[in-house]
Protein chains: 2
Amino acid sequence: MTLSIGQYLLDKLHSIGVRHIYGLPGDYVLKFNKLIEEHPIKFINCTIENSAGYMADAEARLLGLGVACITYGVGIGIANSIAQAFVESSPVIIISGAAGTDEFSKCHYLHHLINKTQQDQADITQLEIFKQITGAQAVLNDPTTAENEINRVIHYCLENKKPVYIEIPRNFIHMPLDTCKKIEFVKKESENSSLKEALDEVVSILQKSRQPVIWAGHEILRHRLSSDLLKFAEEYNIPIASSLLGKTAISEHHPLFLGLYQGGMSRPEVQQFFEKCDCHIILGTVLSDVETGIFSAKIKENIIFANTLEGIRIHHHTYPNILFQDFIKDLKTIKLQKKFSNQFHSHSSRKLPFISRNAKITVTRLFECLQYYLKKDNIVVTDIGDALFGSEDLILDENSFLASAYFETLGFGAPGAIAAQLAMPGKRVIGIVGDGGFQMTAMELATAVRYKLDPVIIVLNNHGYGTERPLLEGSYNDIQDWNYTKIPEVVGGGVGIEVRTEMEFEKVLQEALSTRGHFFLIEAELDKLDFSPTMKRFSALVHKNAKK
Amino acid sequence: MTLSIGQYLLDKLHSIGVRHIYGLPGDYVLKFNKLIEEHPIKFINCTIENSAGYMADAEARLLGLGVACITYGVGIGIANSIAQAFVESSPVIIISGAAGTDEFSKCHYLHHLINKTQQDQADITQLEIFKQITGAQAVLNDPTTAENEINRVIHYCLENKKPVYIEIPRNFIHMPLDTCKKIEFVKKESENSSLKEALDEVVSILQKSRQPVIWAGHEILRHRLSSDLLKFAEEYNIPIASSLLGKTAISEHHPLFLGLYQGGMSRPEVQQFFEKCDCHIILGTVLSDVETGIFSAKIKENIIFANTLEGIRIHHHTYPNILFQDFIKDLKTIKLQKKFSNQFHSHSSRKLPFISRNAKITVTRLFECLQYYLKKDNIVVTDIGDALFGSEDLILDENSFLASAYFETLGFGAPGAIAAQLAMPGKRVIGIVGDGGFQMTAMELATAVRYKLDPVIIVLNNHGYGTERPLLEGSYNDIQDWNYTKIPEVVGGGVGIEVRTEMEFEKVLQEALSTRGHFFLIEAELDKLDFSPTMKRFSALVHKNAKK
């Protein structure tokens, strides 16, 4: 029996491991919603499109692929979260319904349509918007090409770890596939002789190096290269720092893990060790303002650099015909006649006992306490601001940290934590959010109740946009104070508790971590101007940079 | 003293009547936020960008111009509400911060930037997105053109009633203007002989007509033409129906107001009268699916048609050189040797006493009760679904009804009502929202508390996406039930009361309308499948259309 376009798309997604689709229904996509309902893939109803995008993104980071489904036009509310997925290379597939081509041919003035482009065949406005924030796009308006088009964009998404966009006019959802000629999408390959030459160079650099260090970024995670990288590092005893977005690129419990390097925003001992190394091996990071600690990172001339955006670079020359993935995978195959003897305190050795005092809770002490209670099965999802900066030094397992650390969008924390909990039911997710970011997407907790998901959400309530206060203070940085702990009563589930002291926080955190079955919202009452050490270094660097 | 670019922009906005800017701060726009703080224009902090867009849109519809201010990249969350403003011709100015051109020239990898387009001079990704949903755009990166650019896009916005986009890289906010040559933006004008010919035709058509009827749309409101239209109608005693999006194009208390015509979705007596008329004068509406009652509207061949999108059309010929506004304004100048004697019940004559019963509240009875208590100073802002359809027959004053009646986006209701209350402090705003739409933007009520705004919000809780149930039912149409009346406790102000019977609703509504100083949230508990008569006609028409 010939499959319909909608059915084929769902079966294809299921065959590559998709188990959830996050989204909202709408009339142009309703027939597809019905197909999902009758399919093993589960539809997760979200409260609003932008949160659905965040949730698909979180699942993509953890499981390698995430899917969001929206209706046409009004669904462009998802644009912000998809821009995040684009910038931070998260493989998300966006499926959008659209007006039927039969309807459009009769009248162009249809609800949800924008028609800015005034095309005759279809409204392409939404497609043009998604072209700006996705890596590939397909409009499934032809049964003879639909199968190839679906495979093309999914292939692109999985190969490049960038969001892709699929639009189905509603009269094509049930239309049977009519494939003419199946196109095979072949994996790109590196040129062998280029790869060999580059690896030879790596050998010669490392032979001469006194102390190299690896700086691992998010692309190690996205391309699932952590164990390859670790084999290389272990073989020669090379310490690994991670970037902020690349946090947990390897397990932070590993003795070779140095800590998070972010230039002048790093912990001083990490910064000192990193900057004294005579060879920097920078793998899978994009040297953005935030990743480099507002450009304060000090990189040696003696550099081995690789990412998907700029390719492979050694010293000052590049290798255009090597794929990032191949380079990382093959690093472990080099033959080096030495092993480095490092002198540094591994990140995990910093784990100290926490003795709570009956004193007002501060950002620093909150994270010290959290650190103490973290277990290997915890996943931390943060919003930006001190939720992110304060989390930098937590000790976490591989791929157990999600944050908008480059794009820096507010609102990812709560929906991201909920989706992470759904994606990884055996683990326990801790979401950390500032009050400003939480107000944007807090109500997605209703979705946690509906699907019985039980993340622990810690709200750092510093009464406003705390990150901005040191930059330029004004009343625009204040927000309306909410009674966050009443949210469970609104959404019909979960528990909310406010804490003001270290002892209260410790007690509630222990309870939250040992209770499963419903979400826990812990509101920590903080001073307006209480900042983590990283945040203080960040503000100082921003001001220093502004004076340049 | 020479003004800075930021200062000039603010002064210009103030000089044309802007008193509020809705938005959220962010580091790329922070210096502009500071300028607003020091300016008579008030910044209204919203919880999330999409709501800020809705609020600016509501103010634009009521006061003729609305302004939203966002930061770069993450601010594209506003796209959905701006698409609504574009489709429904609401004059909104979006101001966005951006990375400094000095920063970008040093490094393209900056937080909040998308860089999909990989340009050398600046990240133009966000600009490309806004090109799809705004009518004109300006990037203020040159002090010699900034003044002209500001004036160009504001002129465009006011003349065309379409949203426009202004982007300021942050290093240009404080830069002094350096104007070379000031450009005057002249108003477009109609060709006099064209206009005369068209009006002569109108005269000749009306001379022969037995019974004409005007069908007035939203462009009458946007271009402030209500009184011009009314003078024409009164002179010859021509009844006026409105479209759905054009509801309150004239005061619905006026004896010439027939009611809302929407093809087969209309009240039967309005439909009957309208379709028996032998001349249809269709002014300022776009004949979309929803406006035409899913294409069930029956338009006579004997037609006088005018809107800004398609121009002026009489029978089957068009007048390309006449402006919509001029045509409407000059209709009142024609000389006709007759007055029509209509036989219809004016819309306002339908106002009946309401006697509440101790029976479960229904959509129909809720709107009957609301109708009874409405006063001339009420403004109604609705979300879509039965919040919109149920409101169609309310009797309201001129320009006192706001809804996403063409674009049909969910979530406009609550933020729209809050902004309407701010824009029109002397009136009392009633927001009517379904539970699905309310969940998207309910928490903007925090903004009502912060700025002491007191709309009455009626939540029609029918436990899901009610409009979709008759189209294609499934679990995706269910949503998590909230205890909506607990929201005031979360946001720290307002009162929430649940009602289940007619008597309860009447009592609480009376109380809400007679209490000022805080918002009132009335949650009406409805049956899942309780629909207004209009909604029933809508569903039937959709199904009928699908079978074609």
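1. What to know about the overall build of chain A
1) Next: Per the secondary structure count, chain A includes 20 helices and 19 strands.
2) Next: Principal-axis analysis of the C-alpha atoms gives chain A an extent of 70 × 65 × 45 Å.
3) Next: Out of the 548 residues belonging to chain A, those deemed buried represent 60%.
4) Next: In chain A, the proportion of contacts linking residues at least 24 apart, taken out of those at least 6 apart, comes to 76%.

2. Overview of helix α3 (residues 49-63) of chain B
1) Next: Its 15 residues give α3(B) an end-to-end C-alpha distance of 21 Å, which sits within 8% of 21 Å, the value for a rise of 1.5 Å per residue.
2) Next: G64(B) lies just past α3(B) and shows a positive phi near 100°.

3. Comments concerning the environment of P255(A)
1) Next: As for its placement among the helices and strands, P255(A) is situated in the loop between β8 (240-242) and β9 (257-260).
2) Next: Measuring from C-alpha to C-alpha, the distance between P255(A) and H345(A) comes to 8.5 Å, with 90 residues separating the pair along the chain.

4. A short note on the relation of the copies chain B and chain A
1) Next: Superposing chain B onto chain A requires a rotation of 180° together with a translation of 0.0 Å along the rotation axis, leaving an RMSD of 0.0 Å. Those values place the two copies in the arrangement expected of a two-fold rotation axis.

5. Some remarks on helix α10 (residues 226-236) of chain A
Residue and element names in this part refer to chain A.
1) Next: Along α10, the residues that are buried comprise S226, L229, L230, F232 and A233. Down the axis of α10, the smallest arc covering the buried residues is 160°, so these residues share one side.
2) Next: Buried residues belonging to α10 abut β7 (212-216), α9 (218-222), β8, β10 (279-283) and α12 (324-331).
3) Next: Backbone geometry just downstream of α10 places N237 in the positive-phi region, at approximately 60°.

6. Thoughts on the interface of chain B and chain A
1) Next: Contacts between chain B and chain A engage 71 residues on the former and 71 residues on the latter.
2) Next: Counting only elements with at least two residues in the side of chain B that touches chain A, the list comes to α2 (30-37), β2 (42-45), α4 (79-87), α6 (125-131), α16 (435-441), α17 (445-450) and α18 (487-491) of chain B.
3) Next: The residue inventory of the side of chain B that touches chain A, partitioned by class, reads 37 nonpolar, 21 polar and 13 charged.

7. Re the packing of helix α1 (residues 5-15) of chain A against helix α7 (residues 146-160) of chain A
Residue and element names in this part refer to chain A.
1) Next: Contact pair α1 / α7: the axes reach a minimum separation of 10 Å and the direction vectors enclose 30°. Between α1 and α7, the crossing angle belongs to the class labelled roughly parallel. When you trace α1 past α7, the crossing you get is right-handed. Residues I5, Y8, L9 and K12 of α1 lie in contact with α7, whose contacting residues are A146, E147, I150 and I154.

8. With respect to the pairing of strand β11 (residues 303-307) of chain B
Residues and elements named next belong to chain B.
1) Next: Judged by how many residues are buried, β11 sits mostly within the fold: 4 of 5 residues are covered.
2) Next: Where strand β10 (residues 279-283) and β11 come together, 4 bridges link them in parallel fashion. Bridge pairing links H280 to I303 in β11.
3) Next: Joining the antiparallel neighbours β11 and strand β12 (residues 311-314) is a turn of 3 residues.

Calculation notes
Residues numbered from 1 in each chain as written. Chains lettered and ligands numbered in written order. Predicted model: local features only at pLDDT ≥ 70, side-chain atom pairs only at ≥ 80, totals over all residues. Helix = DSSP H or I, 4+ residues; strand = E, 2+ residues; numbered from the N terminus. Buried ≥ 20, exposed ≤ 12 C-beta atoms within 10 Å, placed from the backbone. Contact = placed C-beta atoms within 7 Å. Expected span 1.5 Å × (residues − 1). Least-squares fit on C-alpha atoms with pLDDT ≥ 70 in both. Arc of directions from axis to C-beta. Nonpolar A, V, L, I, M, F, W, Y, C, P; charged D, E, K, R; others polar. Axes fitted to C-alpha atoms, helices over the stretch in contact; angles between N-to-C directions. Parallel < 35°, antiparallel > 145°, perpendicular 65-115°, else oblique. Left-handed = near helix turned anticlockwise from the far one by under 90°. Pairing = 2+ DSSP bridges.

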